[in-house]
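Summary of structural features
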Amino acid sequence: DTAVSQTPKYLVTQMGNDKSIKCEQNLGHDTMYWYKQDSKKFLKIMFSYNNKELIINETVPNRFSPKSPDKAHLNLHINSLELGDSAVYFCASSQLGTSRQETQYFGPGTRLLVL
Amino acid sequence: AQKITQTQPGMFVQEKEAVTLDCTYDTSDPSYGLFWYKQPSSGEMIFLIYQGSYDQQNATEGRYSLNFQKARKSANLVISASQLGDSAMYFCAMRGLNKLVFGAGTILRVKS
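Okay, so let's go over this structure. Small disclaimer: the values here were computed from a predicted structure and weren't measured.

Glancing now at the sheet that holds strand β3 (residues 19-25) of chain A. All names here are of chain A. The strand order across the open sheet formed by four strands is β1-β3-β8-β7, and the pairing between neighbours is antiparallel. Edge positions in the sheet fall to β1 (4-7) and β7 (64-70), since each has one partner strand and no second. Averaged over all pairs of adjacent strands, the angle between strand axes in this sheet comes to 20°, irrespective of strand direction.

Here it is, written out as structure tokens:
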């Protein structure tokens, strides 16, 4: 009964490859997010989707393309991987609204290592 | 724009004692939310506690409480009766426009 799940948990790949990370939430939330945590543990928003529509794109290179087939899923596809893409990628979800409703619940993270 | 500052890169606390992790924020929005998350060495992000800007009382969740001082723009996390399992990275975050803005985090180590 995992609330927010991500696959794969670990991803090791060569520079230049294309890879995808999948995220699913069963919390009934209407908003999903991708965050990147760098090697210094700093967390930054990448994308946010509300009801399958993109609402935030935080100056992320266009090699990163999110896709939300439905409210419960948000995938991240990365083209032409670079060394600097190595990081932990977290998916999160919340219900847009007021106060505590907007608490974001995170998936377990995907550890991407580009060689 | 929102900004979160956590000035303590690392903290030590003796088991069973209380510890305060500092967080200050900056925003021009009159309505905002503040969150604390725990990230143990296993890597997951665990939601701990939430404080709304209009909440009259400080938030509490079990051993966690939030010392919210609006005039000082601070939202410190207090962990009472520390346990070894509390050793982790702790992040303060603020709800921005459809996103969370995070501080740099504080590593807490609980000593036995």
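Bringing the pattern of salt bridges into the picture now. All names here are of chain B. Going through the model one piece at a time under the given rule, you end up with seven salt bridges over all chains. Arg 63 is paired through a salt bridge with Asp 86; the nearest N and O atoms lie 2.8 Å apart. Of the two residues, Arg 63 sits in the loop between β7 (60-61) and β8 (64-69) while Asp 86 sits in the loop between β9 (74-79) and β10 (88-95), which places them 23 residues apart along the sequence.

With that settled, consider the state of the cysteines. In this structure the tally under the stated criterion is two disulfides over all chains. Sulfur-sulfur distance for the disulfide between Cys 23 of chain A and Cys 91 of chain A comes to 1.9 Å. On the sign convention where negative means left-handed, the S-S torsion of about -75° between Cys 23 of chain A and Cys 91 of chain A marks this disulfide as left-handed. Taken as a pair, Cys 23 of chain A in strand β3 and Cys 91 of chain A in strand β9 (residues 87-94) lie far apart in primary sequence, 68 residues in all. According to the relative accessible area criterion, Cys 91 of chain A is buried, its value standing at 0%. Shown here is the disulfide that connects Cys 23 of chain B with Cys 92 of chain B, its sulfur atoms set 2.0 Å apart. Between Cys 23 of chain B and Cys 92 of chain B the sulfur-sulfur dihedral comes to about -60°; the bridge is accordingly left-handed. Pair noted here: Cys 23 of chain B is in the loop between β3 (19-21) and β4 (24-26) and Cys 92 of chain B is in strand β10, with a separation of 69 residues, a long-range link. Across the pair, exposure class does not vary: Cys 23 of chain B and Cys 92 of chain B are buried alike.

Residues and elements named next belong to chain B. Counting residues in hydrophobic clusters, the biggest one holds 24 residues, and the most contacted among them are Tyr 25, Leu 34, Trp 36, Ile 49, Leu 77, Tyr 90 and Leu 108. Looking at this core, the elements that each hand over two or more residues are β3, β5 (33-39), β6 (46-52), β8, β9, β10 and β12 (106-111). Considering every element that reaches this core, the biggest residue donor is β10, with four residues. Contacts of Leu 34, omitting those with residues within four sequence positions, involve Ile 4, Tyr 25, Ile 49, Tyr 50, Gln 51, Phe 68, Ala 75, Ala 93 and Met 94.

This part covers the side chain of Thr 106 of chain B. All names here are of chain B. Looking at the secondary structure, you find Thr 106 in strand β12. Taking relative accessible area as the criterion, Thr 106 reaches 0% and is therefore assigned buried. At 2.7 Å, the side chain of Thr 106 and the backbone oxygen of Gln 8 are in polar contact. In contact with Thr 106, other than residues within four places in its own chain, are Gln 6, Gln 8, Pro 9, Gly 10, Met 11, Leu 21, Ala 88, Met 89 and Tyr 90.

Moving on: the pairing of β1 of chain A. Residue and element names in this part refer to chain A. The side-chain alternation of β1 yields one buried face, formed by Val 4 and Gln 6, and one unburied face, formed by Ser 5 and Thr 7. One ladder, built from four bridges, connects β1 with β3; its direction is antiparallel. Residue Thr 7 lies in a different strand from β3, and its bridge partner there is Lys 22.

Calculation rules
- Sequence positions are assigned chain by chain, starting from 1 and proceeding in written order.
- For this description, chains carry letters from A and ligands carry numbers from 1, given in the order in which they are written.
- Totals for whole chains, interfaces and linings use all residues, but because this is a predicted model, local features are given only for residues with pLDDT of at least 70 and pairs of side-chain atoms are given and counted only at 80 or more.
- Note: side-chain values were computed over all heavy atoms of the structure, leaving out hydrogens and water.
- At least two DSSP bridges between two strands are needed for those strands to be called paired.
- Each helix is a run of H or I in the DSSP string that is no shorter than four residues. Each strand is a run of E no shorter than two, and both are numbered from the N terminus.
- Helix axes use the C-alpha atoms of the stretch in contact, all axes being lines fitted to C-alpha atoms, and the angles between their N-to-C directions lie in the range 0 to 180 degrees.
- Put simply, a salt bridge is a Lys or Arg side-chain nitrogen that is within 4 Å of an Asp or Glu carboxyl oxygen.
- A pair of cysteine sulfur atoms is labelled a disulfide when the two atoms are within 2.5 Å.
- Working definition: with a 1.4 Å probe on protein chains only, accessible area under 20% of the residue-type maximum means buried, over 50% means exposed, and in between means partly exposed.
- For the purposes of this section, nonpolar cores are sets of buried Ala, Val, Leu, Ile, Met, Phe, Trp, Tyr and Cys residues that join through side-chain atoms within 4.5 Å.
- In this description, contact between two residues means that some pair of their heavy atoms is separated by no more than 4.5 Å.
- Pairing of N or O atoms within 3.5 Å defines a polar contact, subject to two protein rules: one partner must be a possible hydrogen donor and the other a possible acceptor, and residues neighboring in sequence count only if both atoms are side-chain atoms.

On their own, these measurements won't tell you what the molecule is for.
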